[in-house]
Amino acid sequence: LLGGAALLYVGVLQVPRQPAIQVTCDNIVAGCSLPEQGLRIVFDQRPHPMQSFRLNVEVLNAREVHASFAMRDMQMGLNRYRLLAEGAGRMWKADITLPVCASGRGDWIMTLDVDGRLYQLPFITGD
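Residues numbered from 1 in each chain as written. Predicted model: local features only at pLDDT ≥ 70, side-chain atom pairs only at ≥ 80, totals over all residues. Heavy atoms only, no water.

1. Some words on the pattern of salt bridges
Evaluated as defined, the whole model comprises five salt bridges. The shortest N-O distance in the salt bridge between E58 and R90 comes to 2.6 Å. With E58 in strand β4 (residues 53–59) and R90 in the loop between β7 (84–86) and β8 (91–96), this pair connects stretches of sequence that are 32 residues apart. Across the salt bridge formed by D113 and R80, the nearest N and O atoms sit 4.0 Å from each other. Pair noted here: D113 is in strand β9 (residues 107–114) and R80 is in strand β6 (residues 80–82), with a separation of 33 residues, a long-range link. The class of R80 is exposed, set by a relative accessible area of 51%. (Salt bridge = Lys/Arg side-chain N within 4 Å of Asp/Glu carboxyl O. Helix = DSSP H or I, 4+ residues; strand = E, 2+ residues; numbered from the N terminus. Buried < 20%, exposed > 50% of the residue type's maximum accessible area, 1.4 Å probe, protein only.)

2. Re the state of the cysteines
One pass over the structure, following the stated rule, counts one disulfide. The disulfide partner of C25 is C32, and the S-S distance across this bridge is 1.7 Å. Between C25 and C32, the disulfide has an S-S torsion of -70° and is therefore left-handed. The burial state of C25 is the same as that of C32; both residues are buried. (Disulfide = S-S within 2.5 Å.)

3. Focus: the sheet that holds β7
Pairing is antiparallel in the open sheet, where five strands are placed in the order β2-β3-β4-β8-β7. With one partner strand each, in any of the chains shown, β2 (32–34) and β7 form the two edges of the open sheet. Shown here is a sheet whose adjacent strand axes are inclined to one another by a mean of 20°, direction ignored. The pairing of strand β3 (residues 39–43) with β4 spans five bridges and is antiparallel. Note on β4: the bridge partner recorded for V42 is N56. (Pairing = 2+ DSSP bridges. Axes fitted to C-alpha atoms, helices over the stretch in contact; angles between N-to-C directions.)

4. Here we look at the nonpolar core
Of all hydrophobic cores here, the largest spans 32 residues; its most connected members are F43, L55, F69, M110, L112, L121 and F123. For this core, the elements supplying multiple residues, two or more each, are β2, β3, β4, β5 (65–71), β8, β9 and β10 (117–124). (Core = buried A, V, L, I, M, F, W, Y, C linked by side-chain atoms within 4.5 Å.)

5. Let's talk about unusual backbone geometry
Phi is positive for M50, which is not a glycine, with a value near 65°. The residue M50 is located in the loop between β3 and β4 in this model. Under the relative-accessibility criterion, M50 is labelled exposed at 55%. For N61, which is not glycine, the phi torsion reads 55° and is therefore positive. Here N61 lies in the loop between β4 and β5.

6. What about the layout of surface pockets?
Approximately 160 Å³ is the volume attributed to the largest pocket. For the largest pocket, the full set of lining residues is S68, F69, A70, Q75, G77, L78, N79, R80, I109, T111 and Q120. Listing elements by their share of the lining of the largest pocket, those giving two or more residues are β5 and β9. With three residues, β5 is the largest single contributor of residues to the lining of the largest pocket. Residue composition of the lining of the largest pocket, grouped by class: four nonpolar, six polar and one charged. (1 Å grid on protein atoms, 1.4 Å probe; cavity = no way out; pocket = protein on both sides within 12 Å on 5 of 7 lines; lining within 4 Å. Points joined across faces, edges and corners; volume = space filled by probe spheres on them. Nonpolar A, V, L, I, M, F, W, Y, C, P; charged D, E, K, R; others polar.)

Listed below in structure tokens is the structure:
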């Protein structure tokens, strides 16, 4: 009971984040840009479940970049990736492997966290 109260207390005190910026992207391999945010997102190939792909993020003056993946209305377990900086902190990269969805769905949402600012990019995996 005391532990539950402590978790509730900590949850109440969390600072609310700004809503995520929605990123629309017709072709994640060609890349998606938000020039006003100084952000560009590129996948090296169309993702497939259980096959590694490279996520590249170009952003100015970032200290930390993380990416997590879920399906709409379906949590897919812990899969938060820390991107590693290259090129003086302008280019960030990570190798990502998405799990297989038991229901056969392939509609994913990537949430990109750049120094606490959230971006959401929906995409579809290949069969």
